[in-house]
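Next come the chains, spelled out residue by residue.
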Amino acid sequence: MTLPKGYWRNRDRYLPFPLLAGGARGGRNNTTFALQMTIDELNEKYLPLTPEQRIAEVYKDFNKVLFTSSFGTSAVFLLHLFNRVKPEETVYFLDTTYHFAETLEYKEKLTRMFDLKVVDVLPEDWKNKFTRDDHTWHKDPDFCCSINKVEPMERIKKGHEIWVSGLMSYQNAHRSNLNIFEKKKDIIKFYPVLDVSEAELNKYLEVNNLPVHPLKPLGYSSVGCVHCTSKGQGREGRWSNKSKTECGLHL
Ligand code: SF4
């Protein structure tokens with residue numbers, strides 16, 4: 001999705017926006033109003049709004065909202081927005097058991113700072129142990145991510161209508177093709193900060209004096225598991241010697 005930079009802060013200047021592609025209906029027979037809307041209609045409604053307005057609005061349109069955070073280098077942006085709009089919301093954290101100590105320290109710091117209600121979501125113990133003994137991240141990283149990220153996520157998705165995450169278009173080619181709302185299997189995905197540029201993100205962090213991930217000043221622009229993260233610009237340090245660019249959660 002290509003949008004004029006800064007449009008959400010000056011949206012009157014850019015209206016009207018073209019309708020986005022797509023057309024799958026929200027899907028289930030449910031009392032939630034937004035589930036009766038098409039994905040196109042949701043995108044059309046939310047596109048002119050600011051990220052903060054989008055988050056506020058989604059709680060009027062949906063009942064069962066799922067919010068996850070990686071506590072990575074850009075996570076504080078969405079956490080801060082939620083703290084302003086819906087501070088009581090639970091934050092689910094996929095604990096692969098392979099996170100950097102710095103990520104876990106940063107998570108604790110932000111939890112205290114925003115008084116977050118964080119729930120750690122862990123993989124099945126024996127499967128996680130298998131990947132640890134097998135070094136599966138070397139041999140088959142898709143399988144490792146499937147065990148340690150995708151399967152645990154599938155468990156918590158149940159019972160939710162919509163899954164909020166902080167993907168941003170500028171981060172890679174796959175993300176640049178997403179829309180604010182997408183229907184994925186049995187859940188709607190919602191990316192309220194998708195169209196925020198890297199410059200706008202950095203400005204927001206600076207203006208709000210938000211703490212940066214401790215590995216960012218050391219050259220890690222994006223941070224995931226220890227075994228699959230190296231220094232680099234953008235997401236080039238993620239699975240850097242492999243064709244893999246996403247963990248599977250967002251595909
Ligand atoms: S990012 Fe690497 S270590 Fe983490 S779950 Fe995926 S393959 Fe395994």
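Data block above holds the structure.
1. What to know about the overall build of the protein
Thinking step 1. Check the secondary structure of the protein and you find 10 helices and six strands.
Thinking step 2. Within the span of the protein, comprising 251 residues, buried residues form 35% of the whole.
Thinking step 3. Pairs at least 24 residues apart make up 69% of the contacts formed inside the protein by residues separated by at least 6 positions.

2. Thoughts on helix H3 (residues 51-61)
Thinking step 1. Along H3, the positions that sit buried rather than exposed are Pro51, Arg54, Ile55, Val58 and Asp61. The buried residues of H3 occupy an angular sector of 125 degrees when the element is viewed end-on, so they sit on one face. Counted as exposed and oriented over 90 degrees from the buried face of H3: Tyr59 and Lys60.
Thinking step 2. Where H3 is buried, its residues touch helix H2 (39-46), strand E1 (65-67), helix H4 (75-85), strand E4 (162-164) and strand E6 (187-190).

3. Overview of unusual backbone geometry
The phi torsion of most residues other than glycine is negative, and most of the peptide bonds are trans.
Thinking step 1. The residue threonine 97 is not glycine, and still its phi comes out positive at about 80 degrees.
Thinking step 2. Within the element layout of this structure, threonine 97 appears in the loop between strand E2 (90-94) and helix H5 (101-114).
Thinking step 3. Accessibility expressed as a C-beta count within 10 Å gives 14 for threonine 97, which makes it partly exposed.
Thinking step 4. A positive phi is found at aspartate 115, a non-glycine position, where the angle reads about 55 degrees.
Thinking step 5. Structurally, aspartate 115 is set in the loop between H5 and strand E3 (117-121).

4. Topic: the sheet that holds strand E5 (residues 181-184)
Thinking step 1. With respect to topology, four strands assemble into an open sheet ordered E1-E4-E6-E5, the strand pairing being mixed. Since the sheet does not close on itself, it has two edges, and those belong to E1 and E5, each with one partner. In this sheet, neighbouring strand axes are inclined to one another by 25 degrees on average, regardless of whether the strands run parallel or antiparallel.

5. Looking at the site of the ligand
Thinking step 1. What surrounds the ligand is a group of 13 residues, the closest being Pro141, Cys144, Cys145, Cys225 and Cys228.
Thinking step 2. Examining the composition of the shell around the ligand, we find that five residues originate from one element, helix H8 (residues 141-157), more than from any other.
Thinking step 3. Here the shell around the ligand is built from residues that sort into eight nonpolar, four polar and one charged.

6. Some thoughts on the nonpolar core
Thinking step 1. Ranked by size, the top nonpolar core spans 37 residues in total, and within it Leu78, Ile162, Ile180, Phe181, Phe190 and Val193 carry the most contacts.
Thinking step 2. Going through the elements one at a time, H2, H3, E1, H4, E2, H5, E4 and E6 are the ones with two or more residues in this core.
Thinking step 3. Among residues more than four places away in sequence, those in contact with leucine 78 are Ser69, Gly166 and Val193.
Thinking step 4. Within the second largest apolar cluster, five residues are counted, among which are Trp137, Cys144, Cys225 and Cys228.

7. Digging into the environment of lysine 189
Thinking step 1. Inspection of the secondary structure puts lysine 189 in strand E6.
Thinking step 2. On the basis of neighbour count, lysine 189 is assigned to the buried category, with 21 C-beta atoms found within 10 Å.
Thinking step 3. Separated by 123 residues in sequence, lysine 189 and leucine 66 have C-alpha atoms that sit 9.4 Å apart.
Thinking step 4. Residues in contact with lysine 189, not counting those within four places in the same chain, are Trp163, Glu182 and Lys184.

8. Section: the environment of cysteine 228
Thinking step 1. Tracing the chain through its elements places cysteine 228 in the segment after helix H10 (198-207).
Thinking step 2. Each C-alpha atom of the pair cysteine 228 and tyrosine 98 lies 9.3 Å from the other, and the pair is 130 residues apart in sequence.

Basis of the calculations
Residues numbered from 1 in each chain as written. Predicted model: local features only at pLDDT ≥ 70, side-chain atom pairs only at ≥ 80, totals over all residues. Helix = DSSP H or I, 4+ residues; strand = E, 2+ residues; numbered from the N terminus. Buried ≥ 20, exposed ≤ 12 C-beta atoms within 10 Å, placed from the backbone. Contact = placed C-beta atoms within 7 Å. Arc of directions from axis to C-beta. Pairing = 2+ DSSP bridges. Axes fitted to C-alpha atoms, helices over the stretch in contact; angles between N-to-C directions. Near = placed C-beta within 6 Å. Nonpolar A, V, L, I, M, F, W, Y, C, P; charged D, E, K, R; others polar. Core = buried A, V, L, I, M, F, W, Y, C linked by C-beta atoms within 7 Å.

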